[in-house]
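# Coordinate inspection notes
Here are the chains, one letter per residue:
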Amino acid sequence: MKFHTIQKVLIMNIYLDYNATTPIDRGVLDSMKSYMEGKFGNPSSAHVFGWEAEIALENARQKVAESINANPDEIFFTSGATEANNTVIRWAYEKGIPIITSKIEHKSVLSPVQYLQRKGHDVSLLEVNSEGLPQLPISGLKKGSLLTIMAVNNEVHTVCDLHRMGAFCKKHDLIFHADCSQALGKIEINVKDILIDMLSISGHKIYGPKGIGALFISKKFQKKFSPYLIGGGQERGLRGGTSPVFLCVGLGSACSLVTGNLKEYQELYTHFSHYFIHSLSEKKISYELIGQPIGVRQPGGVSLCITGLNAREWCEKHPEIAISQGSACNSKSGSHVLNELKISQYKINSVIRVSFGKDTKNSEIDMLVNAIHKQVKSMASFTNYKK
Ligand code: PMP
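Residues numbered from 1 in each chain as written. Predicted model: local features only at pLDDT ≥ 70, side-chain atom pairs only at ≥ 80, totals over all residues. Heavy atoms only, no water.

## Section: a positive patch on the surface
Residues K170, K220, K223 and K224 make up a contiguous surface patch of positive charge. Topologically, K223 is positioned in the loop between α7 (219-222) and α8 (245-260). (Patch = residues over 30% accessible without salt bridge, like charges linked within 9 Å, V, L, I, M, F, W, Y side chains within 5 Å. Areas by Shrake-Rupley, 256 points an atom, 1.4 Å probe, with all protein chains shown as cover. Salt bridge = Lys/Arg side-chain N within 4 Å of Asp/Glu carboxyl O. Lys, Arg positive; Asp, Glu negative; His and termini not counted. Charge placed at Lys NZ, Arg CZ, Asp CG, Glu CD. Helix = DSSP H or I, 4+ residues; strand = E, 2+ residues; numbered from the N terminus.)

If you want it as structure tokens, here you go:
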């Protein structure tokens, strides 16, 4: 059935779900190609093939570091943000460090933390306000706890003030980790400014390949860290396993791409958000924005409740227009984020998440708005008829 649908929609598919994943950039792919073909060396080998791979690996590390203003020896390659987030949490658990996080984190944080809580570990889950901002506790904080917070929420696009969080952690002597998977390339991240100990990123959210990400661990903090994959001592002893050079090269290129074009992309993404909202208003489609206002929230991320829209039905009817109802990761289980924002179930049924990227076109947004208009209009005339 799914295969049949894919075949049917191949002609005019529209992708407006960049928070789920991004298409790989042509330049990023080109930078990887020679390491997928001829240059196959193991970066740990002590001969020319190894040296060639090692140079590529270290260049890539340098680029990742530059994108967040870190030093190369503070970057550890991982298989993605899930691994990076899990690593931080597992480390805290092993050291007996209490963990504080919010109730609307990505499942790669929330699920391990809830698992540890069930095992009796000290875990605090912070409430969020109606914009999706975590409510930081003012009392009862235990010194040395880990605060892990996402910089940009993948479903409702809330931007957390990392500077404020960093200052808060410093003041209360907390360890600070931020999941920046959705933030890199959309907001500026400078680890020297935000007083942060650890930070996770993901390649496939920034026009890079899937299966690669990185964990930043500040130099000062590294001494406290222990190996999380024990093997051949790669990644300066913290993560064993032969490095996937072509993926690391791709991540490096993607980091340079999105941070080198940050201002331009921010403007473009914000333009698309305004254009979408404006087009809905022009068609007299009534909506309620979820989370922060445009201009404050993640550029290019719009999550809204559309009056009269049955979101599930609409998405099923329009597989050729890729948007989502919540996040890709929650597409089967329902959204814990919308529930925590205290959105009524009635409204949740009308919520869609649209996210734009560098290849988005106004005409694609027009098609989305026309298709929404069609369903909302037919629902309205049905309701009027019943009256
Ligand atoms: N954190 C956030 C905020 C995400 O959006 C995602 C991906 N949906 C992840 C972590 C997991 O990233 P990865 O797919 O690289 O494991």
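After presenting the structure, the write-up continues.
## Things to note about the site of the ligand
Lining the immediate surroundings of the ligand are 15 residues, of which T82, D179, Q182, S202 and H204 lie closest. Note that an oxygen atom of the ligand is positioned 2.9 Å from one of the backbone N or O atoms of A81. A distance of 2.6 Å separates an oxygen atom of the ligand from a polar side-chain atom of T82. Within the complex, 88% of the 400 Å² of free accessible area of the ligand lies under protein. (Near = heavy atom within 4 Å. Polar contact = N/O pair within 3.5 Å; in protein donor to acceptor, adjacent residues only side chain to side chain.)

## Some words on helix α3 (residues 48-67)
The end-to-end C-alpha distance of α3, which contains 20 residues, comes to 29 Å, matching closely the 28 Å that a straight helix rising 1.5 Å per residue would cover. Turning to α3, its buried residues are G50, A53, A56, L57, A60, R61, V64, A65 and S67. Looking at the buried positions of α3, the neighbouring elements they touch are α2 (26-36), β2 (75-78), β7 (198-202), β8 (213-217) and α8. Positive phi shows up at N69, right after α3, with a value of about 60°. (Expected span 1.5 Å × (residues − 1). Buried < 20%, exposed > 50% of the residue type's maximum accessible area, 1.4 Å probe, protein only. Contact = heavy atoms within 4.5 Å.)

## Describing the sheet that holds β7
As summarised here, the arrangement of the 7 strands in space is β2-β8-β7-β6-β5-β3-β4, forming an open sheet in which the pairing is mixed. The open sheet is flanked by β2 and β4 (123-126), the only strands paired with a single partner. Neighbouring strand axes in the sheet, compared pairwise and without regard to direction, differ in orientation by 20° on average. Where α3 meets the sheet, its contacts fall on β2, β7 and β8, and the angle it forms with β2 comes to roughly 110°. (Pairing = 2+ DSSP bridges. Axes fitted to C-alpha atoms, helices over the stretch in contact; angles between N-to-C directions.)

## Some details on the environment of A20
In this fold, A20 is placed in the loop between β1 (14-15) and α2. Since its relative accessible area comes to 16%, A20 is described here as buried.

## Remarks on the packing of aromatic side chains
Taken as a whole and judged by the stated rule, the model has 10 aromatic pairs. Each ring, one from F40 and one from F49, has its centre 5.5 Å from the other, and the planes form 35°; the classification is tilted. Using a relative accessible area of 59% as the deciding quantity, one classes F40 as exposed. Residue F49 is classed as partly exposed on the basis of its relative accessible area of 41%. Centroid distance F276 to F356: 6.0 Å. Interplanar angle 70°. Geometry classified as edge-to-face. Residue F276 is found in helix α9 (residues 262-282), and its partner F356 is found in the loop between β12 (351-355) and α13 (362-386); the two are separated by 80 residues along the sequence. (Phe/Tyr/Trp six-rings, centres within 6.5 Å; stacked < 30°, edge-to-face > 60°.)

## Regarding the nonpolar core
Core analysis: the largest hydrophobic core is formed by 51 residues, its most contacted members being I68, L147, C180, I189 and L199. A total of 7 residues in this core trace back to one element, the largest contributor, which is α8. Contact partners of I68, with chain neighbours within four places excluded, come to I75, L184, I189, N190, V191, L199 and F216. The next biggest cluster of nonpolar side chains, apart from the first, holds 24 residues, and it includes V302, A311, I372 and V376. (Core = buried A, V, L, I, M, F, W, Y, C linked by side-chain atoms within 4.5 Å.)

## Some words on α2
All of the buried residues along α2 are V28, M32 and Y35. Considered in projection along α2, the buried side chains sweep an arc of 40° and stay on one side of the axis. Packed against the buried residues of α2 are α3 and α8. The backbone nitrogen of G27 has a side-chain oxygen 2.9 Å away, supplied by the residue at the start of α2, namely D25. (Arc of directions from axis to C-beta.)

## Considering the side chain of T101
On the secondary structure map, T101 appears in strand β3 (residues 99-102). Setting aside anything within four residues of it in sequence, one finds T101 in contact with V109, V113, S124, L125, L126, T148 and I149.

## With respect to the domain arrangement of the protein
Under the domain assignment used here, the protein contains domain 1 (2-16 + 261-375) and domain 2 (26-260). Here domain 1 and domain 2 have C-alpha centroids that lie 27 Å from each other. Each side of the interface is counted separately: domain 1 has 32 residues, and domain 2 has 30 residues. Interface of domain 1 and domain 2: buried area, both sides summed, is about 2500 Å²; carbon and sulfur atoms make up 54% of it. Summed over the three residues of domain 1 that lose the most area to domain 2, namely L262, Q292 and Q298, the buried surface amounts to 24% of that side. The interface formed by domain 1 and domain 2 holds 1 salt bridge in total. One salt bridge in this structure joins K342 and E127, with 3.7 Å as the shortest N-O distance. Connecting domain 1 to domain 2 are 14 residue pairs in polar contact (both at pLDDT 80 or more). Going through the elements one at a time, α9, β10 (301-306), α11 (336-340) and β12 are the ones with two or more residues in the side of domain 1 that touches domain 2. (Domains from an automatic or database assignment. Buried area = accessible area lost by both parts, 1.4 Å probe.)

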